[in-house]
Amino acid sequence: MTRVGVVGAQGRMGQAVCSAVQDDPALELVAAIDIKDPPEDLQKDPPEDLQKDPQNDPPNNFLEILLENRCEVVVDFTVASAARQTLGFLAANGIHAVVGTTGFTEEDLAVFADVFTESNCLIAPNFAIGAVLMMRFAELAAPHFSTAEVIEYHHDAKVDAPSGTAMHTAERIAAASAEWGDDPTQHEVLPGARGGQGPGGVRVHSVRMRGVVANQEVLMGTTGQTLSIRHDTIDRTSFMPGVLLGCKRIADFEGLTLGLDAFLGL
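Because the structure is a prediction, the values reported are computed rather than measured.

Things to note about the pairing of strand 4 (residues 96-99)
Then comes step 1: Where burial is concerned, the two faces of strand 4 agree: the one with His-96 and Val-98 and the one with Ala-97 and Val-99 are both buried.
Then comes step 2: In this sheet, strand 4 lies alongside strand 3 (residues 73-76) in parallel orientation, the contact comprising four bridges. Across the sheet, the residue bridging to Val-75 is Val-98, located in strand 4.
Then comes step 3: Read as a crossover between parallel neighbours, the route from strand 3 over helix 5 (residues 80-92) to strand 4 is right-handed.
Then comes step 4: Where strand 4 lies against strand 5 (residues 121-123), three bridges are found, and the strand directions are parallel.

Printed below as a string of C-alpha cells:
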C-alpha cells in the first residue's frame, strides 16, 4: 500500500481526498494536516497511525508530521502561498507530490521543475477526467475555428478568477492556433463585459454562483457553425478518480508533470 498524506485536509476538497484515499485498498491515509483543526469526520473515525496537527501549529512544524508518518505521496489542495512552502519541503525530503492547488506563476513552475529531482510532482488544474478530455477536445478543435471563448462557473466561495482550468484551456487553445478573428467590440458599456483577454486573445469569463461546484464551457465559431464543449462537475467526488490515479502512478513520471493528460495516455 502507498502511504499518503493530505495537506489542506479541512477544506472541502481535502476532506473528499481523505475519504477517497481511505476507501481505496491500494492506498493508506497516514497523515491529514491543516493549519486549522482537522476535518470533523476524521476526528470521529481516524485511521490507524493518523496524526493531525494541533490548531494553529506553525507551518514549519506541521509539515514534519509528513516525515514522522513516512508519507510516500502527499496530496496538496490549499492555496498557492502555502503550497509553495509545502512543495519545497516535499522536494527536499524526497516525497512525491500530487497538487490540485492553482495560482502558481511561471516562476513557481520553473522552481518546482528544478527542485523535484529525488521525487516527482504532478500539478493539475483539474483532476476530473471529463474536464481533462474537454481541454483536449478544445485543443484539437481550435485550428478549425476562427473565434473561441471560455466561460467558467464556480461556487461563490472561490476567491480567484479565472480558474486554473480556464487559464490552462485558453493556453492550450492559443497554442493550437494563432488564426483568430478580431474582436469587433469598440466600447464596453460595463467595463469587463467582454471578459478577460487571455493567452492568444482568447476571452475568458468567470461566473461565481451559489449552488455551483465547477463547470466550464468552451465556445468556438467559424463560418456558418458553432461548437460548444462543456463539462459539468456535479459533486467534488468527480475529482477523486484523477487524484487517486495520480497517487498510484506519480512514481512513474519523473520530475514535474503539468496536467493529468500523460497519466491518461492522452
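Some details on the nonpolar core
Then comes step 1: In terms of nonpolar packing, the biggest core is built from 50 residues, with Phe-127, Ile-173 and Met-220 touching the most fellow members.
Then comes step 2: Setting aside residues up to four positions removed in sequence, Met-220 forms contacts with Ala-138, Ala-141, Ala-142, Phe-145, Thr-147, Ala-148, Ile-173, Gln-225, Thr-226 and Leu-227.

A look at the environment of Val-74
Then comes step 1: For Val-74, the location among the structural elements is in strand 3.
Then comes step 2: Judged by its relative accessible area of 0%, Val-74 is buried.
Then comes step 3: Put simply, Val-74 and Cys-247 are 173 residues apart on the chain and 8.1 Å apart in space, counted from C-alpha to C-alpha.
Then comes step 4: Setting aside anything within four residues of it in sequence, one finds Val-74 in contact with Gly-5, Val-7, Leu-66, Leu-90, Ile-95, His-96, Ala-97 and Val-98.

So, the packing of aromatic side chains
Then comes step 1: According to the stated counting rule, one finds three aromatic pairs in the structure shown.
Then comes step 2: On the basis of an interplanar angle of 20° and a centroid distance of 4.1 Å, the ring pair of Phe-253 and Phe-263 is categorised as stacked. Here Phe-253, found in the loop between helix 9 (240-249) and strand 11 (256-258), pairs with Phe-263, found in helix 10 (residues 261-264); they are ten residues apart in sequence, far enough to count as distant.
Then comes step 3: Taking NZ or CZ as reference, Arg-230 lies 5.0 Å from the ring centre of Tyr-153, over its face.

Some thoughts on the sheet that holds strand 6 (residues 147-154)
Then comes step 1: Here five strands make up an open sheet; going across it, the order is 7-8-6-9-10 and the pairing mixed. Taken across any chain shown, the strands that pair with only one partner, and hence form the sheet edges, are strand 7 (196-197) and strand 10 (225-233).
Then comes step 2: Judged from the two bridges that link them, strand 7 and strand 8 (residues 203-208) form a sheet pairing that is antiparallel. The residue of strand 8 that forms the bridge with Gly-196 is Val-204.

Some words on helix 5
Then comes step 1: Here helix 5 is 13 residues long and its end C-alpha atoms lie 18 Å apart, about the 18 Å a rise of 1.5 Å per residue gives.
Then comes step 2: Within the sequence span of helix 5, burial applies to Ala-80, Ala-83, Thr-86, Leu-87, Phe-89, Leu-90 and Ala-91.

Considerations on the pattern of salt bridges
Then comes step 1: Within the structure shown, the criterion is met by 15 salt bridges.
Then comes step 2: With a shortest N-O distance of 3.0 Å, Arg-172 and Asp-261 are connected by a salt bridge. Taken together, the residues span a long stretch of sequence, with Arg-172 in helix 8 (residues 164-176) and Asp-261 in helix 10 at a distance of 89 residues. Across this residue pair, the class does not change: Arg-172 and Asp-261 are buried.
Then comes step 3: Arg-249 is the partner of Asp-252 in a salt bridge, and the nearest nitrogen-oxygen pair spans 3.8 Å.
Then comes step 4: Note on Asp-252: relative accessible area 56%, which makes it exposed.
Then comes step 5: Note on Arg-249: relative accessible area 30%, which makes it partly exposed.
Then comes step 6: Beyond isolated ion pairs, a larger network of salt bridges with shared partners links Arg-136, Glu-139, Arg-172 and Asp-261.

What to know about the sheet that holds strand 11
Then comes step 1: Reading across the sheet, the six strands line up as 2-1-3-4-5-11 and stay open at both edges, with parallel pairing between neighbours. The sheet terminates laterally at strand 2 (27-33) and strand 11, the two strands that pair on one side only. When the angles between neighbouring strand axes are averaged without regard to direction, this sheet yields 20°.
Then comes step 2: The sheet strands contacting helix 5 are strand 1 (2-7), strand 3, strand 4 and strand 5, and the helix crosses strand 4 at an angle near 155°.

Some points on the packing of helix 7 (residues 129-141) against helix 8
Then comes step 1: One can describe the packing of helix 7 onto helix 8 by two numbers: an axis separation of 8 Å at closest approach and a directional angle of 25°. Classified by the angle their axes make, helix 7 and helix 8 are roughly parallel. Where helix 7 crosses over helix 8, the handedness of that crossing is right-handed. Counted together, Met-134, Met-135, Arg-136, Ala-138 and Glu-139 of helix 7 and Thr-165, His-168, Thr-169, Arg-172, Ile-173 and Ala-176 of helix 8 form the full contact between these two elements.
Then comes step 2: Here the contact of helix 7 with helix 8 is composed, by residue class, of five nonpolar, three polar and three charged.

Definitions and cut-offs
- Residues numbered from 1 in each chain as written.
- Predicted model: local features only at pLDDT ≥ 70, side-chain atom pairs only at ≥ 80, totals over all residues.
- Heavy atoms only, no water.
- Buried < 20%, exposed > 50% of the residue type's maximum accessible area, 1.4 Å probe, protein only.
- Helix = DSSP H or I, 4+ residues; strand = E, 2+ residues; numbered from the N terminus.
- Pairing = 2+ DSSP bridges.
- Right-handed = clockwise from strand over helix to strand, strands pointing away.
- Core = buried A, V, L, I, M, F, W, Y, C linked by side-chain atoms within 4.5 Å.
- Contact = heavy atoms within 4.5 Å.
- Phe/Tyr/Trp six-rings, centres within 6.5 Å; stacked < 30°, edge-to-face > 60°.
- Lys NZ or Arg CZ within 6 Å of the ring centre and 35° of its normal.
- Expected span 1.5 Å × (residues − 1).
- Salt bridge = Lys/Arg side-chain N within 4 Å of Asp/Glu carboxyl O.
- Axes fitted to C-alpha atoms, helices over the stretch in contact; angles between N-to-C directions.
- Parallel < 35°, antiparallel > 145°, perpendicular 65-115°, else oblique.
- Left-handed = near helix turned anticlockwise from the far one by under 90°.
- Nonpolar A, V, L, I, M, F, W, Y, C, P; charged D, E, K, R; others polar.

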